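Residue-level listing of the chains:
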Amino acid sequence: MTRAYYTYRIHVIHPRTVRVEKKEPGKLDNIISREFRYQDKITSEVRELIEKVRKNEIKDANQSRLLGEALFDSLFDDVLCYDFIRFYNEVVRTKQQLLRVELDIDEQNIPEVAAFPWEFMCLPQREKLGTMWLATAADLVFSRLPPQRISAPPIKLGANEKMRIALVVSAPTDLNPVAYEEVQVAIETLAQEQPEQVELLPVVNPPSRKAIDKVLREKPHIFHFIGHGRFQNENGEIALVDEFDQAQWISANDFSELFNKHRPGIIVLQACQGAMESTSKPSVGLASKVVQQRIPVVVAMQYPVSNSTASRFACHFYKQLAQGKSADIAVQEGRREISLHESTGYRKRDFATPVIFMQVQDAHLLQPRNESVLQLLNQPVVRDKPSHKQLHVKDARQSKGVKRALLIGVSEYGQGLKPLPGATKDLEEIKGILDSPQLGNFVDVKALSNPDRQEMEEAIEELFASSTKDDLVLLFFSGHGVKDSSNQLYLTTRITRKNSQRELVKTTAVSARAIHNIMNGSRSKRQVVILDCCFSAAFRKGLLVKDDRSVDLQNQLGGEGRAILASSTDYSFSQLDKQLSIYTQYLVEGIETGDADLNGDRVISLDELHEYIKNRIRETLPAMNPKIYAEQEGSKIQIAKAPRDYASVSDTPLVTEEGIQASPQADSLITFSLPMKILSKLVIVIAVVVISALLRVA
């Protein structure tokens, strides 16, 4: 069954508020805020159970359930409980998809809450929906979301690159023995069975900081540490080995510093209390310190665990990775494996001991066995209109990077700016064609509706900062474009306003220059920016406007290999039948129907798309004259694939109720077909400045 990303993200950023974001393909995020009831639900009896968990005195599955239900009730009041169950049934039962539940707790403000053993959570029996533990359910994946300001880079392998695993074993002679042989054998077996995909680097045993630094220079994708950890004096520590084979305890700070140069995609800390946190001091645990180094995935143990349980979990974890599953799924399956074992079950804390901190959506490293790109390409496609249920596949000529997008729509504003209700409509339509595997085929599309200035700028920085040089990165903005007194361009936010002199309050908007600087700092060499903004002016050479002020987009957003598309008019106009800006409607129409494929090669290049939009606009509004500014071969870049049947779907919603189905195994695959010579040299930025529903007087 093809699986897409359906996420139920729970934010606890205030002692009294829980905010839930429901994310599903092809739809805008649905946000619900409710009261956080932990002070009422975490009673003295529940706190006693938490203390028993820490002391390893839980011996009864009923005690585990009481604790799990109390933790669940503290997050989910009646409204959220009903909403979660409905969403779960829709995703898992109806659509037969996997549901990811992500928990984001602000450690700085509420460290006590962050330290709760949330992996115990279970659905209350009163709901009469059967038994479901969130950390072990077969149709769920439960993970923690670290509150990082700058996101970690995505996990992926280069073309023909092996997955490198670094195994570090720390077994000081003055501490209890460390059982590592079974895990080492499991990894060695994985490397032997899949030699073209997996490489085990020389095992580090015994380890020192210098030895660990040396193996990290080999740039492993997975770093697995087996040894002893502890939480002492409200701080995390880990044991290395000195020259006398004795334990050399180092702080979480010193250990995490080892990863400030090379950051593996996945770090597994098979050490006791690696994920334990202080109830009074924020982010002092071993895992927290490692996460702060922008490690995409960190797996750690929040309590001491037996060698047999740790080995059982680790072996099952690698077994799932070998089958092509994502790291978070592998952890979920590993916890389930512990719960199914008769010696542990739910009578002990073992099932809830492994914790995973996820900073990326896609944590796939290996393709499933016996499943090749050719097999994906040969899957039958039956459609009489653009389908959103096909796999993302990668054209043989495409670069090894992935395609990621951030879509921002702003319809609400402060004083002096008219609301633009159509801006969110633009967002939905653009997301529909980008998400579609048959059209845009982007594997990661995030939508941000009505952000404030900080939220918007941070999201843009995250998009570009977390991308690699081979990624295609797209930023789409729909809303007002405003100039300051120096004629500098700004993108508006929901708090953007003008003062009593009708001048822009610049601290409420995001400048084009700031975006330009962010893009220049990105490793991505393929950058696309689409600005669906309105200006009450015509653009011509020099981009002078009617009021003798200028918006020099080519200077503010341009660069080598970058291209600009700009719509130019002095006239206002009403919205068309779909209530989109005229430019967005024809952009979507040209790609969705395939009519923008002017030369019939089934791919749509930038210059073809521009020509199509320009011709369609002339039919509707002759005075509007879109322009294209491109350097080198930027205008020849292929923007999307044309649908196979070229059937008109103008009366069909782009985003269906079922959502877009996408295989997690294929999330790193791309459809675009671009000449490799162009991909290696060009950085494309498309800045589209258009007329929207109303006259947007800036």
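Conventions we followed
- Residues numbered from 1 in each chain as written.
- Predicted model: local features only at pLDDT ≥ 70, side-chain atom pairs only at ≥ 80, totals over all residues.
- Heavy atoms only, no water.
- Helix = DSSP H or I, 4+ residues; strand = E, 2+ residues; numbered from the N terminus.
- Buried < 20%, exposed > 50% of the residue type's maximum accessible area, 1.4 Å probe, protein only.
- Areas by Shrake-Rupley, 256 points an atom, 1.4 Å probe, with all protein chains shown as cover.
- Salt bridge = Lys/Arg side-chain N within 4 Å of Asp/Glu carboxyl O.
- Phe/Tyr/Trp six-rings, centres within 6.5 Å; stacked < 30°, edge-to-face > 60°.
- Lys NZ or Arg CZ within 6 Å of the ring centre and 35° of its normal.
- Expected span 1.5 Å × (residues − 1).
- Arc of directions from axis to C-beta.
- Axes fitted to C-alpha atoms, helices over the stretch in contact; angles between N-to-C directions.
- Parallel < 35°, antiparallel > 145°, perpendicular 65-115°, else oblique.
- Left-handed = near helix turned anticlockwise from the far one by under 90°.
- Contact = heavy atoms within 4.5 Å.
- Nonpolar A, V, L, I, M, F, W, Y, C, P; charged D, E, K, R; others polar.
- pLDDT = per-residue confidence, 0-100.
- Pairing = 2+ DSSP bridges.
- Core = buried A, V, L, I, M, F, W, Y, C linked by side-chain atoms within 4.5 Å.
- Right-handed = clockwise from strand over helix to strand, strands pointing away.
- Polar contact = N/O pair within 3.5 Å; in protein donor to acceptor, adjacent residues only side chain to side chain.

Digging into the overall build of the chain
Regarding its fold elements, the chain presents 19 helices and 24 strands. Evaluated residue by residue, the chain yields a buried proportion of 61% over its 698 residues. Counting every atom, the chain has about 27,900 Å² of accessible surface; 45% of that belongs to carbon and sulfur.

Some thoughts on the pattern of salt bridges
Across all of its chains, the model carries 30 salt bridges by this definition. Between Glu102 and Arg9 there is a salt bridge, and its shortest N-O distance comes to 2.6 Å. Residue Glu102 is located in strand β4 (residues 99-105), and its partner Arg9 is located in strand β1 (residues 6-14); the two are separated by 93 residues in the primary sequence. On the basis of relative accessibility, which here comes to 8%, the residue Glu102 falls in the buried class. In this structure, the salt-bridge partner of Glu237 is Arg230, at a minimum N-O distance of 2.6 Å. Through salt bridges with shared partners, one network takes in Lys22, Glu24, Lys27, Asp83, Arg86, Glu90 and Lys95.

Brief notes about the packing of aromatic side chains
In total, this model carries 19 aromatic pairs according to the counting rule given. Measuring from ring centre to ring centre gives 6.1 Å for Phe72 and Phe84, while their planes differ by 70°; the resulting arrangement is edge-to-face. Residue Phe72 is found in helix α3 (residues 61-75), and its partner Phe84 is found in helix α4 (residues 78-94); the two are separated by 12 residues along the sequence. Phe84 sits in the buried class, given a relative accessible area of 0%. A network of ring pairs unites the aromatic residues Tyr8, Phe72, Phe76, Phe84, Phe87 and Tyr88 as a single cluster. The ring of Trp249 has Arg230 sitting right over it, with the charged end atom 3.8 Å from the ring centre.

Observations regarding unusual backbone geometry
Between Asn205 and the following residue, Pro206, the backbone shows a cis peptide bond with an omega angle of 5°. With respect to the secondary-structure elements, Pro206 resides in the loop between β7 (198-200) and α7 (209-216). The phi angle at Gln96 is positive, at roughly 55°, despite the residue not being glycine. Within the chain, Asn450 stands out as a residue other than glycine whose phi angle is a positive 50°. By the element assignment, Asn450 lies in the loop between β16 (444-449) and α14 (453-465).

A word on α14
Since there are 3.6 residues in each turn of an α-helix, residues three or four apart along the chain are aligned in direction. In a regular helix each residue adds 1.5 Å, so 13 residues correspond to 18 Å; α14 covers 18 Å between its end C-alpha atoms and thus fits that length. Restricting attention to buried positions, one finds in α14 the residues Met456, Ala459, Ile460, Leu463 and Phe464. Relative to the axis of α14, the buried residues are bounded by an arc of 125° and lie together on one face.

Some remarks on the packing of helix α10 (residues 307-322) against helix α11 (residues 327-340)
Contact pair α10 / α11: the axes reach a minimum separation of 8 Å and the direction vectors enclose 140°. Here α10 is positioned oblique relative to α11, judged by the angle of their axes. Between α10 and α11 lies a crossing whose hand is right-handed. Between α10 and α11, the contacting residues are Thr309, Arg312, Phe313, His316, Phe317, Gln320 and Leu321 on the first element and Ala327, Ala330, Val331, Glu333, Gly334, Arg335, Glu337 and Ile338 on the second. Residue composition of the contact of α10 with α11, by class: 7 nonpolar, 4 polar and 4 charged.

What to know about the confidence of the model for the chain
As a general rule, the predicted coordinates of low-pLDDT regions are not to be interpreted in detail. Per-residue confidence for the chain gives a mean pLDDT of 77; residues scoring 70 or more make up 77%. Low pLDDT, under 50, characterises residues 646-698; the stretch is placed with 234 contacts to residues that sit more than four places away or in other chains.

Considerations on the sheet that holds strand β10 (residues 235-241)
The strand order across the open sheet built from 3 strands is β9-β10-β11, with neighbouring strands paired in antiparallel fashion. At either end of the open sheet lies a strand with only one pairing partner, and these are β9 (229-232) and β11 (247-251). Going from strand to strand, the sheet's axes swing by 35° on average, the running direction of each strand aside. Of the pairings in the sheet, the one linking β10 to β11 comprises 5 bridges and is antiparallel in character. Bridge assignment links Ile238 to a residue of β11, and that residue is Ile250.

With respect to the nonpolar core
By size, the foremost hydrophobic cluster in this structure holds 91 residues, and its most contacted members are Tyr8, Ile10, Leu75, Leu99, Trp118 and Val297. Among residues more than four places away in sequence, those in contact with Tyr8 are Val20, Glu21, Lys22, Phe76, Leu80, Asp83, Phe84, Phe87, Leu99, Arg100, Val101 and Glu102. Formed by 35 residues, the second largest nonpolar core is a distinct cluster that contains Tyr586, Ile604, Leu609 and Ile613.

What to know about the packing of helix α13 (residues 422-435) against helix α17 (residues 582-593)
Between α13 and α17, whose axes approach to 10 Å, the crossing angle comes to 20°. Classified by the angle between their axes, α13 and α17 sit roughly parallel to one another. Every pair of crossing elements has a handedness; the one defined by α13 and α17 is left-handed. Of the residues in α17, those touching α13 at Asp426, Glu429, Ile430 and Ile433 are Thr584, Leu587, Val588 and Ile591. For the contact of α13 with α17, the per-class residue count stands at 5 nonpolar, 1 polar and 2 charged.

Describing α13
Here α13 contains 14 residues, and its C-alpha end-to-end distance of 20 Å stays within 8% of the 20 Å for a straight helix at 1.5 Å per residue. Among the residues of α13, Gly422, Ala423, Thr424, Asp426, Leu427, Glu429, Ile430, Lys431, Gly432, Ile433, Leu434 and Asp435 are the ones counted as buried.

Some thoughts on the pairing of strand β6 (residues 163-169)
Burial analysis of β6 places 7 of its 7 residues in the buried class, which makes it a mostly covered element. The alternating pattern of β6 places Met163, Ile165, Leu167 and Val169 on one face and Arg164, Ala166 and Val168 on the opposite face, and all of these are buried. Remark: the β6/helix α6 (residues 181-193)/β7 crossover connection has right-handed handedness. Pairing between β6 and strand β8 (residues 222-227): 5 bridges, direction parallel. By the bridge assignment, Val169 is partnered in β8 with Ile226.

A word on the side chain of Ser411
The residue Ser411 is located in the loop between β15 (403-409) and α13 in this model. Excluding anything up to four places from it in sequence, Ser411 contacts Pro419, Leu420, Pro421, Ala423, Thr424 and Asn450.

Structural notes on the environment of Lys289
Of note, Lys289 is situated in helix α9 (residues 286-291). Of the residues examined, Lys289 reaches a relative accessible area of 16% and is grouped as buried. Considering only alpha carbons, one finds Lys289 and Ser251, 38 residues apart in sequence, at a separation of 9.8 Å.

Some words on the environment of Lys425
The residue Lys425 is located in helix α13 in this model. Spatially, the C-alpha atom of Lys425 lies 9.0 Å from that of Ser581, the residues being 156 residues apart in sequence.

What about the side chain of Lys22?
Structurally, Lys22 can be placed in strand β2 (residues 17-23). A polar contact is formed between the side chain of Lys22 and the side chain of Asp83, at a distance of 2.7 Å.

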